[in-house]
Amino acid sequence: MSGGKGGDRPADRRPVTDWRTDWDHLDARWRDDPFPIWDALRDGPIARTERFEGAWLPTRYEDVEAIARDTGNFTSRRVVLRDRKFDDPPLPAPPLTSDPPEHKAHKQVLLPLFSPREVARLEPLTRRICNALIDGFVADGGCDAAQQYARHVPVRIIAYMLGVPIRDSHLFIRWIHEILEVGASDDERNRNATKAMRDYFRHHIALRKEGRTEADPDGPEPDLIRVMMDGSLNGVPLEEKHVLGTLNLLMVAGIDTTWSAIGASLLHLGRHPDDRRRLIEEPGLMPTAVEELLRAYAPVTMAREVRQDVELVGCPMKKGEMVLLSFPAANRDPAMFPDADKVVLDRQENRHAAFGIGIHRCVGSNLARMELRVAIEEWLGRIPDYRVAGEIRWSDGSVRGPRTLPVTFG
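(A) Broad picture of helix 11 (residues 240-271). Taking 1.5 Å per residue as the helical rise, helix 11 with its 32 residues ought to reach 46 Å, and the 47 Å between its terminal C-alpha atoms agrees with that figure. Counting buried positions over the 32 residues of helix 11 gives 28, a clear majority of the element.

Pasting the structure below:
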C-alpha cells in the first residue's frame, strides 16, 4: 500500500481553483472532505472540467439518477475516470461495462451466486473471520481498524468464494490500489496491475483444467472461477476475455468497496458514541442503521461515457466526453434526504444510491450488506467502547474510504 497522506499520487498535480469549472476528484480536498464541495455545486448547472479530456460532474440526486438510467445516451464502456483515455479499449468487465441488450444476460450469469440465500450461507464464515481478526489485536489496547480489520474481512470472503489462497491477499490489495488509486494517473502501473491480475486468474483456470486447485479444501464447490469457466450465454460458452474480465471485476469490487464501507462506519461510530451505544442497546436497529451508514458514507463513484451529443438540464454534453456519477454526492442531496448531512440511524425512507442506480446496480449488494452488518456487530460485541486516536488517511480515486483508522480501546 501507499505511504504518506497522499498515497502515490503525483505531488505536482495542479490544484483546483474553481470546482464548478475545473473540478478534479483526485484533488486532496476532495479526498479528505468532499462534502462541502458537493454542497456548493448543487446550486447551479452541472459542473464541468477540461481535465480528463472533458468531463461533467452532477451532484444532485435527480441528475445522477437521470444519467444512470439513460443507457441510450450514456454508455458504460468506460466506468473509471482517468487523466487520459487508453489508446486501446480496456479489458471489458461484464456486466459492469456491458450495455443493453447484452447487459441483462451478462448479469444473469452472476445473480444466482449473490442471492440472499447464497449470501446467508456465508454469514457464519464471516463471523468467524471477524472474530479471528479481533483476537489478533483485542488485547493490545488499540489497532489500525482499517488495516488490521476492515480490509481483511472482504479479502478473505472473496478469496474463499473465488477459490484462491488467502495467502495471496497482499497481491489482491496491491493490485486494487494500483488500479483504482495510482492507476487513475499512471497508465503503466494500471496496465501492469491489470495484467498481473489477469495472469493470476489464467493460472488458476489452468489448474482447474488439470483437475487441481490451490484453494482451501473446505471451500465452495463450485467456486466462482469454476462457475465462470462453465458459464454460457444462450448456450454458447463464455469467451476467455469475458471470464477474465468478470473475475477481475469480482476481485476489485469484492474487496475495495466493502473495505471502505466497513472502515467509514467504524470511523463514524468511533466519533459518535451516542450512535454506537444506541446500536449496542437496540440490536434490532442494525439493518436500518447499515442502510443509513451506506447512504452517508457511500464509497463508490462510477463514470459514464457520452454516447452521442445530448443536453441535460441545459448542459450540452458532447460525444466522447465523460460524466462522473458521484453516488456519494447524490446520497447527500438535501432535496432527496432530509437532514442529508446527518446520520439518522432509524431513517425510514432511504432510497440511497450506494450500490448505484438502474441496470448497473451492484450485483453484490446482498454480500456487501451482510459483510458490513456482521463486521459492525462483531466489533461492537467485542469492542463496545473505543475512540479514534490519530490521523485518518483516505483513499484516492473512484472508491473512497479510510486507509488508516487508528483507534484505542480497553
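(B) Quick peek at the nonpolar core. Counting residues in hydrophobic clusters, the biggest one holds 88 residues, and the most contacted among them are Phe172 and Trp379. No other element matches helix 11, which puts 14 residues into this core. Each residue touching Phe172, except ones within four places of it in the same chain, is listed here: Val155, Ala159, Val164, Pro165, Tyr200, Met251 and Ile255. Ranked by size, the runner-up nonpolar core spans 26 residues in total, among them Ile46, Val64, Leu312 and Ala330.

(C) Summary view of the pairing of strand 7 (residues 302-306). Burial analysis of strand 7 places five of its five residues in the buried class, which makes it a mostly covered element. Alternating residues of strand 7 divide into Met302, Arg304 and Val306 and Ala303 and Glu305, and every residue in both groups is buried. One ladder, built from two bridges, connects strand 3 (residues 74-75) with strand 7; its direction is antiparallel. Bridge pairing in strand 7 links Thr75 to Glu305. With four bridges joining them, strand 7 and strand 10 (residues 322-325) adopt antiparallel strand pairing. By the bridge assignment for strand 10, Met302 is matched with Leu325.

(D) Inspection of the packing of aromatic side chains at higher detail. Counting across every chain of the model gives 15 aromatic pairs. Look at Phe137 and Phe409: their rings are 6.3 Å apart centre to centre, the planes differ by 55 degrees, and that puts the pair in the tilted class. With a gap of 272 residues between them, Phe137 in the loop between helix 5 (116-135) and strand 4 (142-144) and Phe409 in strand 14 (residues 406-409) connect regions that are remote in the sequence. Comparing Phe137 with Phe409, the two get one shared label, buried. Taking the centre distance of 6.3 Å and the plane angle of 45 degrees together, the rings of Phe172 and Trp175 count as tilted.

(E) Spatial organisation of the sheet that holds strand 11 (residues 386-388). An order of 4-14-11 is seen for the three strands of this open sheet, with the pairing classed as antiparallel. In this open sheet, the two edge strands, each paired with only one partner strand, are strand 4 and strand 11. Within this sheet the neighbouring strands show an average axis-to-axis angle of 25 degrees, counted without direction. Looking at chain direction, strand 11 and strand 14 are connected through three bridges and run antiparallel.

Here is what the cut-offs are and how they apply
- Residues numbered from 1 in each chain as written.
- Predicted model: local features only at pLDDT ≥ 70, side-chain atom pairs only at ≥ 80, totals over all residues.
- Heavy atoms only, no water.
- Helix = DSSP H or I, 4+ residues; strand = E, 2+ residues; numbered from the N terminus.
- Expected span 1.5 Å × (residues − 1).
- Buried < 20%, exposed > 50% of the residue type's maximum accessible area, 1.4 Å probe, protein only.
- Core = buried A, V, L, I, M, F, W, Y, C linked by side-chain atoms within 4.5 Å.
- Contact = heavy atoms within 4.5 Å.
- Pairing = 2+ DSSP bridges.
- Phe/Tyr/Trp six-rings, centres within 6.5 Å; stacked < 30°, edge-to-face > 60°.
- Axes fitted to C-alpha atoms, helices over the stretch in contact; angles between N-to-C directions.

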